Amino acid sequence: MGNWIDISQVLHDKIPVWPGDTPFHYEVSWGMEESGSVNVGQVTMSTHTGTHIDAPFHFENDGKKVIELDFNLYIGPALVIYVEKPESIGLKELQGVDLKGVKRLLIRTDAWQDKTVFPESIPHIEPELAAYLAEHGVQLLGLDLPSVDPLDSKELSAHHELNDQGIHILEGLVLDKIEPGEYELAALPLPLEQADGSPVRAVIQKKE
Ligand SMILES: N[C@@H](CC(=O)c1ccccc1NC=O)C(=O)O
Ligand SMILES: [Zn+2]
Ligand SMILES: [Zn+2]
């Protein structure tokens, strides 16, 4: 109890967002003075801000929306591995990683170091990796990056290939102080009925 580590980005008005996307904004829209009793807040944000999950509806019109995702996937044992600032993440980068029994895989790259600005380029997931991960039973892939595809990709091949292989996507994690190893993860999406993605509060706890 009490030794969970927060691996989420803090949501505030200056958090960087995808170029051109809705900025994050919180305000008290009904204040104490006005209401006489309470502060009531209002949040405006893109569903792909900070630490978040993608629902397949993000990249496929007939894809599942957030409410349809099995939330059990976002809670449970996870393996954290460290692939230091790769060009891209493919089979080569995962050589030597024992994926036996790994349902949730979190990859620390340290490639997005200054999280006060949106990165100019990022390492991407090679689409071919999806089948390999699926063969080993991986169903959730988490990264310390804002996307699994190159930032200028319109095809979103990695998003599609991961989805075709039954692998769900967790993006924007903060893993820079996390040692590789076995953890428990909790990163639950909100029960958003129509959404293509959801912010999550992602936390991990070292396994004994
Ligand atoms: N695929 C990215 C998000 C993304 O592509 C995006 C997010 C907000 C506004 C525009 C986006 N892509 C546009 O080309 C993600 O999953 O977070
Ligand atoms: Zn996203
Ligand atoms: Zn994505």
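The structure presented is a predicted model; accordingly, all values stated were derived computationally and were not measured.

A. Highlighting the overall build of the protein chain. Scanning the protein chain for helices and strands turns up three helices and 13 strands. On C-alpha atoms alone, the protein chain measures out to a radius of gyration of 17 Å, which is about the 17 Å that the 2.2 N^0.38 rule sets for 208 residues. Overall, the C-alpha framework of the protein chain stretches about 60 × 40 × 35 Å when taken along its three principal axes. Residue burial in the protein chain is summarised as follows: out of 208 residues, 47% are buried. In the protein chain, the proportion of contacts linking residues at least 24 apart, taken out of those at least 6 apart, comes to 73%. Within the structure as shown, the protein chain displays about 11100 Å² of accessible surface, and the carbon and sulfur contribution to it stands at 50%. In the protein chain, 15 positive and 35 negative side-chain charges are present, and the distance between their average locations comes to 6 Å.

B. Region of interest: the site of ligand 1. Taken together, W18, D21, H48, H52, D54, H58, P146, S147, K154, H159 and E171 make up the full set of residues adjacent to ligand 1. One of the side-chain N or O atoms of K154 is found 2.9 Å from an oxygen atom in ligand 1. Within the shell around ligand 1, the residues separate by chemical class into two nonpolar, five polar and four charged.

C. Looking closely at the UniProt feature "binding site: substrate" (unreviewed entry) in the protein chain. Sites flagged by UniProt as "binding site: substrate" (unreviewed entry) map to W18. By the element assignment, W18 lies in the loop between β1 (5-6) and β2 (25-30). Take W18: its relative accessible area is 31%, and that puts it in the partly exposed class. Here W18 is in contact with F118, P146, S147 and L151, once residues within four sequence places are set aside.

D. Layout of the packing of aromatic side chains. In the structure shown here, the tally under the stated rule is two aromatic pairs. In textbook terms, an aromatic cluster arises when at least three aromatic residues are bridged by ring pairs, as seen for W18, W112 and F118. Against the face of F57 rests K65, its NZ or CZ located 4.5 Å from the ring centre.

E. Representation of the coordination of the zinc ion (ligand 3) in the model. In the first shell of the zinc ion (ligand 3), the protein supplies D54 (OD), H159 (NE2), E171 (OE) and E171 (OE), at 1.9 to 2.6 Å from the metal. The motif formed by the donor residues of the zinc ion (ligand 3), counted along the single chain, is D-x104-H-x11-E. In this structure, the zinc ion (ligand 3) lies 3.3 Å from the zinc ion (ligand 2), and both are coordinated by D54. Residue D54 is located in strand β4 (residues 52-54), and its partner E171 is located in strand β10 (residues 168-171); the two are separated by 117 residues in the primary sequence.

F. Highlighting the UniProt feature "binding site: Zn(2+) 2" (unreviewed entry) in the protein chain. Sites flagged by UniProt as "binding site: Zn(2+) 2" (unreviewed entry) map to D54, H159 and E171. The greatest C-alpha distance among the annotated residues, which extend across 118 residues, is 11.4 Å, indicating that they converge on a single site. Among the polar contacts made by the side chain of D54, one reaches the side chain of H52 at a distance of 3.3 Å. On the basis of relative accessibility, which here comes to 2%, the residue E171 falls in the buried class. In this structure E171 touches H48, G50, T51, H52, D54, L143, L145, P146, S147, V148 and H159, once residues within four positions along its chain are discounted. A polar atom in the side chain of E171 sits 2.8 Å from the side chain of H52.

The rules behind these values
- Residues numbered from 1 in each chain as written.
- Chains lettered and ligands numbered in written order.
- Predicted model: local features only at pLDDT ≥ 70, side-chain atom pairs only at ≥ 80, totals over all residues.
- Heavy atoms only, no water.
- Helix = DSSP H or I, 4+ residues; strand = E, 2+ residues; numbered from the N terminus.
- Rg over C-alpha atoms; globule rule 2.2 N^0.38 Å.
- Buried < 20%, exposed > 50% of the residue type's maximum accessible area, 1.4 Å probe, protein only.
- Contact = heavy atoms within 4.5 Å.
- Areas by Shrake-Rupley, 256 points an atom, 1.4 Å probe, with all protein chains shown as cover.
- Lys, Arg positive; Asp, Glu negative; His and termini not counted.
- Charge placed at Lys NZ, Arg CZ, Asp CG, Glu CD.
- Near = heavy atom within 4 Å.
- Polar contact = N/O pair within 3.5 Å; in protein donor to acceptor, adjacent residues only side chain to side chain.
- Nonpolar A, V, L, I, M, F, W, Y, C, P; charged D, E, K, R; others polar.
- UniProt positions renumbered as here; feature names shortened; annotations may be inferred.
- Phe/Tyr/Trp six-rings, centres within 6.5 Å; stacked < 30°, edge-to-face > 60°.
- Lys NZ or Arg CZ within 6 Å of the ring centre and 35° of its normal.
- Donors = N, O, S within 2.8 Å, 3.2 Å for Na, K, Ca; no water.

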